[in-house]
There are 2 protein chains.
Amino acid sequence: MKKHNFSAGPAILPASVIKEAAAGVLELDGIGMSILEISHRSAEFIAIAAEAESLARELLQIPADYAVLFLSGGASGQFSMSAMNLLNENQSAGYLDTGTWSSKAIKEAKAFGKVQVLASSKDQNYNYIPTGYDIPAGLRYVHVTSNNTIFGTQLREFPTTDAPLVADMSSDIFSRRIPLEKFGLIYAGAQKNMGPAGVTLVIVRKDLLGQVDRHLPSMLDYRIHIENESMFNTPPVYPIYVSMLTMRWVKAQGGLEAMERHNEAKAKLLYDEIERNPRFQCTVPNPQDRSLMNVTFVCTDDADTKPFLAAAEAAGCDGIKGHRSVGGFRASIYNSMPLESVQVLVDVMKNF
Amino acid sequence: MKKHNFSAGPAILPASVIKEAAAGVLELDGIGMSILEISHRSAEFIAIAAEAESLARELLQIPADYAVLFLSGGASGQFSMSAMNLLNENQSAGYLDTGTWSSKAIKEAKAFGKVQVLASSKDQNYNYIPTGYDIPAGLRYVHVTSNNTIFGTQLREFPTTDAPLVADMSSDIFSRRIPLEKFGLIYAGAQKNMGPAGVTLVIVRKDLLGQVDRHLPSMLDYRIHIENESMFNTPPVYPIYVSMLTMRWVKAQGGLEAMERHNEAKAKLLYDEIERNPRFQCTVPNPQDRSLMNVTFVCTDDADTKPFLAAAEAAGCDGIKGHRSVGGFRASIYNSMPLESVQVLVDVMKNF
Ligand SMILES: Cc1ncc(COP(=O)(O)O)c(C=O)c1O
Ligand SMILES: Cc1ncc(COP(=O)(O)O)c(C=O)c1O
Ligand SMILES: [Mg+2]
Ligand SMILES: [Mg+2]
Ligand SMILES: [Mg+2]
Ligand SMILES: [Mg+2]
């Protein structure tokens, strides 16, 4: 039976990318060797890495004063690395607390400077995006999580502030156009919208670097990675290769504008059914706050939860069990998720 | 034409592993999904990670008081992470300086405590392993690079000291049996003898942890990774999968004893020809210091260098150009390198 992969991450990749990714393991482009066993200094891999960077630049329209890095360590590594590189001990950064990942970013940053939580939706189990909060002047940066993977909320608009934004875009990178000029640093673990697990995209405005007093170990210093074009040490070759293939696919689909339309259509299909169907309910009350990537919902009657999960699984819908901190269901419908798969889930809901 | 992959890393993997690794990308074990798109919390991946750990434990005979971790960030990440986790500012660690990688480890460690270079072979461009040096008492640990990938030297014996050894085994992990009880910490980037780039094996004696005063970011704290069984955050799923397949292969070959015999036979074949053939010369004078993994040699007459490289490449021998800091040639003949491929190179030398 065909599986429809609604997993929150590592997550679905385009079927065509999976095929190319498997072929590259057997033999990369007729070179007589696997992508798994070529040197990262080989002409072949240097071309792959360069294409990955230029696709990221093209898709997100990243100007030359920003560096584009492919690092390892996940988005969790960036929670500390971003603060370590940007924030001096006596400086303040503002953080918007919109979920588990925001809180972890806050926790890690506290070791490096003063952290001001600008607003939090923790009081309602993170089921909304705070508004109407003040952002004081003089912050070094303002950190946001653009999409809250666990709680199914998303920042449709980004805060307006004089400080550069630092954003964890792990679960909605490349899913929509963004106002890049507002951001000083963007990071994203690949394993939702960019590729397989094992690589993290970092986009950083270069003039923000080199202003902290502390010692930075080489591997944790963005400047060292910039100087070495992400090849200070052996990069995660295969995750970068498959991310490059996935970005090629995004571009072939029509880029971020096309992704945006595609993602809006899929989300509408699913949210409309949740609204319409009395047996289901969205966990995020305000439609404006609902994520286009992770759709979180519950059964109105908890007795339906188990049988609905079974019905969805019987239809091949995989990975829709909600995160334990929310319960119910979470359908992750990233870029690579086809509309047809969302329709399969909606049909299960209709027929349930 | 069949390629013989003598690259120093990322490096050759067994042909059977490449096949399985490609199949897993298309579909993992009949589950209807690719290994690239399953959750790291799925039953399937948890089983893979558990098998990777238990294979590492079995092959190296690692007892329960050591943790086995699969981290990201490469061996270069471990240069700082190991010192950060083990060394207080007022404590001293001894380092053996046997090459580029040792020097980098020394540089990174200096930020965290007192570093004593016990001996160095830098005076002879690292073409030997120092002996006869003193190791003072009271060191927190003694750091060694078990195999010097660039310079073609290897520690056949490990230093005797009361302090636990910390070893970078990136380029000879799983290639021979080791006296595990001497080590407090072992780390190895996967991309030579363990699998593809993107994951780093860390083996650490647990009682050595939790004794430093400094703040450790979560991602850089071994204890956090131990508590979370290497799943504190999304691990590099595919690199771990392929490493597990490679360890299965090592086990199927007969484990480390068999690898040792196999590696000795291959190295003997190549070193014997270098010795015998007046047109070639090993860069490491003392046979005892020569690496079984990276065989470095030059042409006696430099005018032969270019034509020999061309002849080797014409025979399908890839990646034998020496590192710029040594020149000449480097044939990396890791576990997965078949004797037949070494024979091809030796035949080129004979017929040159
Ligand atoms: C928004 C967000 N940030 C951070 C993370 C953690 O990423 P990683 O596992 O790559 O460290 C996740 C993972 O699910 C996420 O969704
Ligand atoms: C012995 C040794 N240590 C460390 C490294 C650096 O490893 P990585 O690129 O994984 O950081 C290498 C890479 O060639 C190596 O051979
Ligand atoms: Mg969240
Ligand atoms: Mg409803
Ligand atoms: Mg070396
Ligand atoms: Mg000779």
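From a predicted model like this one, the values you see are computed outputs, not experimental measurements.

A.B. asks: So, the interface of chain B and chain A: which residues are in play, and what are the values?
C.D. replies: Chain B puts 53 residues into the contact, and the matching count from chain A is 53 residues. A buried area of about 3,800 Å², summed over both sides, lies between chain B and chain A, and 63% of it is on carbon and sulfur atoms. The tally of links between chain B and chain A comes to 14 residue pairs in polar contact (both at pLDDT 80 or more). Taken together, the elements giving at least two residues each to the side of chain B that touches chain A come down to helix H1 (15–26), helix H3 (74–86), helix H4 (100–109) and helix H6 (237–252) of chain B. A per-element tally of the side of chain B that touches chain A places H1(B) first, with six residues. Considering only residue class, the side of chain B that touches chain A consists of 28 nonpolar, 19 polar and six charged.

A.B. asks: Pulling in residues and values, what's your account of the site of ligand 1?
C.D. replies: Residues in close proximity to ligand 1 total 15 residues, the closest being Ser76(A), Thr149(A), Asp168(A), Lys192(A) and Thr234(B). In this structure ligand 1 sits where residues from chains A and B come together. Thr149(A) places a side-chain nitrogen or oxygen 2.4 Å from an oxygen atom of ligand 1. Between ligand 1 and Asp168(A) there is a distance of 2.6 Å, counted from a nitrogen atom to a side-chain nitrogen or oxygen. Contact with the protein chains hides 96% of the accessible area of ligand 1, taken as 390 Å² for the molecule alone.

A.B. asks: So what's going on with the UniProt feature "domain: Aminotransferase class V" (unreviewed entry) in chain A? Residues and values would help.
C.D. replies: The UniProt record marks residues 5–345 of chain A with the feature "domain: Aminotransferase class V" (unreviewed entry), using the residue numbering of this structure. With 34% helix and 18% strand, the stretch residues 5–345 of chain A has end C-alpha atoms that lie 11 Å from each other.

A.B. asks: Mind laying out the pairing of strand S8 (residues 165–168) of chain A, listing which residues take part and the relevant values?
C.D. replies: Residues and elements named next belong to chain A. Along S8, one buried face is formed by Leu165 and Ala167 and the opposite face, lined by Val166 and Asp168, is buried too. Pairing of strand S5 (residues 142–145) with S8 involves four bridges; the strand directions are parallel. Its bridge partner lying in S8, His143 is registered against Val166. Two strands pair when backbone bridges link them, and S8 and strand S9 (residues 183–189) are joined in this way by four bridges, in the parallel orientation. Following the sheet pairing, Ala167 is matched in S9 by Ile186.

A.B. asks: Can you tell me about the relation of the copies chain B and chain A, naming the residues and giving the values?
C.D. replies: Of the transformation placing chain B onto chain A, the axial shift is 0.0 Å and the rotation is 180 degrees, giving an RMSD of 0.0 Å. Accordingly, the operation relating the two chain copies is best matched by a two-fold axis. When each C-alpha of chain B is compared by its distance to the rotation axis, Ala22(B) comes out closest, at 2.4 Å. Same-surface contact between copies: 100% of interface residues of chain B are shared with the interface of chain A.

A.B. asks: Residue-level account of the pattern of salt bridges, with values.
C.D. replies: Side chains carrying opposite charge are able to pair once their charged atoms draw close together. Residue and element names in this part refer to chain B. Inspection of the entire model under this criterion finds 30 salt bridges over all chains. Residue Arg177 is joined to Glu257 by a salt bridge in which the shortest nitrogen-to-oxygen separation is 3.9 Å. Pair noted here: Arg177 is in the loop between strand S8 (165–168) and strand S9 (183–189) and Glu257 is in helix H7 (residues 255–276), with a separation of 80 residues, a long-range link. Across the pair Arg276 and Glu273 runs a salt bridge whose closest N-O atoms are separated by 2.6 Å.

A.B. asks: Any chance you could break down the sheet that holds S5(A) for me, citing the residues and the numbers?
C.D. replies: All names here are of chain A. Taken in spatial order, the seven strands make up an open sheet running S2-S10-S9-S8-S5-S3-S4, and their pairing is mixed. This sheet does not close on itself; its edge strands, each paired only once, are strand S2 (66–71) and strand S4 (114–120). Adjacent strand axes in the sheet meet at a mean angle of 20 degrees when their direction is disregarded. On the sheet, helix H4 (residues 100–109) packs against strand S3 (92–97), S4, S5, S8 and S9 and is oriented at approximately 160 degrees with respect to S3.

A.B. asks: Residue-level account of helix H9 (residues 339–351) of chain B, with values.
C.D. replies: All names here are of chain B. Here H9 spans 18 Å end to end across 13 residues, near enough to the 18 Å set by a 1.5 Å rise per residue. For H9, the full list of buried residues reads Ser341, Val342, Leu345, Val346, Val348 and Met349. Seen along its axis, H9 keeps its buried residues to an arc of 150 degrees; they face one direction. Exposed residues lying more than 90 degrees from the buried face of H9 are Glu340 and Asn351.

A.B. asks: Outline the environment of Glu89(A), supporting the account with residue identities and numerical values.
C.D. replies: Residues and elements named next belong to chain A. With respect to the helices and strands, the residue Glu89 is situated in the loop between helix H3 (74–86) and S3. When the C-alpha atoms of Glu89 and Gly113 are compared, they prove to be 4.0 Å apart, with 24 residues separating the residues in sequence. Residue contacts for Glu89: discarding those within four places in its chain leaves Phe112, Gly113, Lys114 and Arg214.

A.B. asks: Can you explain the environment of Val115(A)? Please cite residues and give values.
C.D. replies: Residues and elements named next belong to chain A. By the element assignment, Val115 lies in strand S4. Residues Val115 and Ile226 lie 111 residues apart in sequence; the distance between their C-alpha atoms is 27 Å. When sequence neighbours within four positions are dropped, the list of residues in contact with Val115 reads Ala93, Tyr95, Ile106, Ala109 and Lys110.

A.B. asks: Please give an account of the pairing of S3(A) that cites residues and values.
C.D. replies: Walk down a regular strand and you will see the side chains alternate between the two sheet faces. All names here are of chain A. Most of S3 is tucked away: six of the six residues are buried. Bridge analysis of S3 against S4 gives six bridges, and the strand direction is parallel. Within the sheet, the bridge partner assigned to Leu96 lies in S4 and is Ala119. Where the polypeptide runs from S3 across H4 and back to S4, its parallel neighbour, the crossover connection is right-handed. Pairing of S3 with S5 involves two bridges; the strand directions are parallel. By the bridge assignment for S5, Gly94 is matched with Val142.

How each quantity is defined
- Residues numbered from 1 in each chain as written.
- Chains lettered and ligands numbered in written order.
- Predicted model: local features only at pLDDT ≥ 70, side-chain atom pairs only at ≥ 80, totals over all residues.
- Heavy atoms only, no water.
- Contact = heavy atoms within 4.5 Å.
- Buried area = accessible area lost by both parts, 1.4 Å probe.
- Polar contact = N/O pair within 3.5 Å; in protein donor to acceptor, adjacent residues only side chain to side chain.
- Helix = DSSP H or I, 4+ residues; strand = E, 2+ residues; numbered from the N terminus.
- Nonpolar A, V, L, I, M, F, W, Y, C, P; charged D, E, K, R; others polar.
- Near = heavy atom within 4 Å.
- Areas by Shrake-Rupley, 256 points an atom, 1.4 Å probe, with all protein chains shown as cover.
- UniProt positions renumbered as here; feature names shortened; annotations may be inferred.
- Buried < 20%, exposed > 50% of the residue type's maximum accessible area, 1.4 Å probe, protein only.
- Pairing = 2+ DSSP bridges.
- Least-squares fit on C-alpha atoms with pLDDT ≥ 70 in both.
- Salt bridge = Lys/Arg side-chain N within 4 Å of Asp/Glu carboxyl O.
- Axes fitted to C-alpha atoms, helices over the stretch in contact; angles between N-to-C directions.
- Expected span 1.5 Å × (residues − 1).
- Arc of directions from axis to C-beta.
- Right-handed = clockwise from strand over helix to strand, strands pointing away.

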